[in-house]
Amino acid sequence: MTTPEQRVEELGFTLPSPAKPAGSYLPVARTGDLLYTSGQVPVIEGKLHQTGKLGVDLGVDEGKAQARICVLNALAALKAELGELSRVRRIVKVVVFVASAPDFTEQPQVANGASDLLAEVFGDQGKHARSAVGVASLPLDAPVEVELIAEVG
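Residues numbered from 1 in each chain as written. Predicted model: local features only at pLDDT ≥ 70, side-chain atom pairs only at ≥ 80, totals over all residues. Heavy atoms only, no water.

Asks: So what about the sheet that holds strand E7 (residues 144-152)? Which residues, and what values?
Replies: If you walk across this open sheet you meet the 5 strands as E1-E2-E7-E5-E6, and the pairing is mixed. The strands lining the two open edges of the sheet, one partner per strand, are strand E1 (28-31) and strand E6 (129-135). Taken over all neighbouring pairs, the strand axes of this sheet differ in orientation by 15 degrees on average, direction set aside. Here helix H2 (residues 60-82) sits on the sheet in contact with E1, strand E2 (34-37), strand E5 (88-99) and E7, set at roughly 40 degrees to E7. Along the sheet, helix H3 (residues 107-122) makes contact with E5, E6 and E7, crossing E6 at roughly 145 degrees. (Pairing = 2+ DSSP bridges. Helix = DSSP H or I, 4+ residues; strand = E, 2+ residues; numbered from the N terminus. Axes fitted to C-alpha atoms, helices over the stretch in contact; angles between N-to-C directions. Contact = heavy atoms within 4.5 Å.)

Asks: Help me get a handle on the pairing of E2, residues and values and all.
Replies: Of the two faces of E2, the one holding Leu 35 and Thr 37 is buried and the one holding Leu 34 and Tyr 36 is not buried anywhere. Note that E1 and E2 share 4 bridges and pair antiparallel. Its bridge partner lying in E2, Ala 29 is registered against Tyr 36. One ladder, built from 3 bridges, connects E2 with E7; its direction is antiparallel. For Leu 34, the partnering residue across the bridge sits in E7 and is Glu 151. (Buried < 20%, exposed > 50% of the residue type's maximum accessible area, 1.4 Å probe, protein only.)

Asks: For the packing of H2 against H3, give the residues involved together with the corresponding values.
Replies: Where H2 contacts H3, the axes come no closer than 7 Å and their chain directions differ by 45 degrees. The pairing of H2 with H3 is recorded here as oblique in orientation. For the pair H2 and H3, the crossing hand works out as right-handed. Contact with H2, carried on its side by Val 60, Gly 63, Lys 64, Ala 67, Arg 68, Val 71, Leu 72 and Leu 75, involves Gln 109, Val 110, Asn 112, Gly 113, Ala 114, Leu 117, Leu 118 and Phe 122 of H3 and no other residues of that element. Across the contact of H2 with H3, the residue classes break down as 10 nonpolar, 4 polar and 2 charged. (Parallel < 35°, antiparallel > 145°, perpendicular 65-115°, else oblique. Left-handed = near helix turned anticlockwise from the far one by under 90°. Nonpolar A, V, L, I, M, F, W, Y, C, P; charged D, E, K, R; others polar.)

Shape is all these values report; function is a separate question.
In structure tokens:
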């Protein structure tokens with residue numbers, strides 16, 4: 001049986017080291033069987049991969065790629081908390097914030113970058129409820145930020 005970590009590698013991605021909090025918050029908070037990740041921006045090796053707004057500086061495909069990086073960072077936070085991602089029973093909810101031009105309306109398509117990767121890693125247990133929200137700006141001028149709620153065993 002393939003583990004979620006192995007599936008990430010099969011898909012051509014690398015699970016990064018978990019990011020250290022940049023402020024006064026926890027990377028992951030647990031209540032009962034639910035883990036909530038703090039918002040993850042598209043950081044690779046400590047540096048923001050891209051900056052800017054969707055519809056001005058980045059197109060939908062670039063936004064989807066940034067959302068995937070955010071999910072990998074969220075999975076790294078979950079793994080740090082759990083020890084192994086096979087303890088995730090399912091991804092319950094995903095919230096994707098998209099820094100957008102005022103007339104940009106394709107936030108759901110950008111969010112599909114996050115949702116599709118979770119389904120590829122976890123199968124049916126990766127399918128989730130979701131919100132895709134356009135915002136004026138995000139920390140560090142990040143184009144996308146993703147947070148997850150996962151049920152664990």
